[in-house]
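Tertiary structure, described
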Amino acid sequence: MPKMKSNRGASKRFRVTASGKIKRHSAYHSHILTKKSTKRKRNLRQESKVSEADAPRVHKMILK
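Below, the structure is looked at part by part. Model, not experiment: these values are computed from the prediction. (Residues numbered from 1 in each chain as written. Predicted model: local features only at pLDDT ≥ 70, side-chain atom pairs only at ≥ 80, totals over all residues. Heavy atoms only, no water.)

Ala-10, Phe-14, Ile-22, Val-50, Ala-55, Val-58 and Ile-62 form the largest nonpolar core, which has seven residues in total. Non-local contacts of Ala-55, meaning those with residues more than four positions away in its chain, are made with Ile-22 and Val-50. (Core = buried A, V, L, I, M, F, W, Y, C linked by side-chain atoms within 4.5 Å. Buried < 20%, exposed > 50% of the residue type's maximum accessible area, 1.4 Å probe, protein only. Contact = heavy atoms within 4.5 Å.)

Here you go:
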């Protein structure tokens, strides 16, 4: 049997923490930033966790 390949797009977007949770970056922070407030842009810089419902699917994609 060949090895399972990880989804390369997902591997670049998600990271697994030491406790096993999955980190992700916020969307909406790449362009059209002039109309967004400074507070909103600052909050979009923060990483957040993938929701518990989506975590199993993301984990399967980034499996190595």
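Strand order in the open sheet formed by three strands is β1-β2-β3, and the pairing between neighbours is antiparallel. On the outer flanks of this sheet lie β1 (15-16) and β3 (47-49), each paired with one strand and no other. Note: strand β2 (residues 22-25) against β3, three bridges, orientation antiparallel. For Lys-23, the partnering residue across the bridge sits in β3 and is Lys-49. (Pairing = 2+ DSSP bridges. Helix = DSSP H or I, 4+ residues; strand = E, 2+ residues; numbered from the N terminus.)

Here we take up the pattern of salt bridges. Throughout the structure, instances matching the rule amount to two salt bridges. For Glu-47, the salt bridge goes to Lys-23, with nearest N and O atoms at 3.5 Å. Of this pair, Glu-47 sits in strand β3 while Lys-23 sits in strand β2, placing them 24 residues apart in sequence. According to the relative accessible area criterion, Lys-23 is partly exposed, its value standing at 27%. (Salt bridge = Lys/Arg side-chain N within 4 Å of Asp/Glu carboxyl O.)

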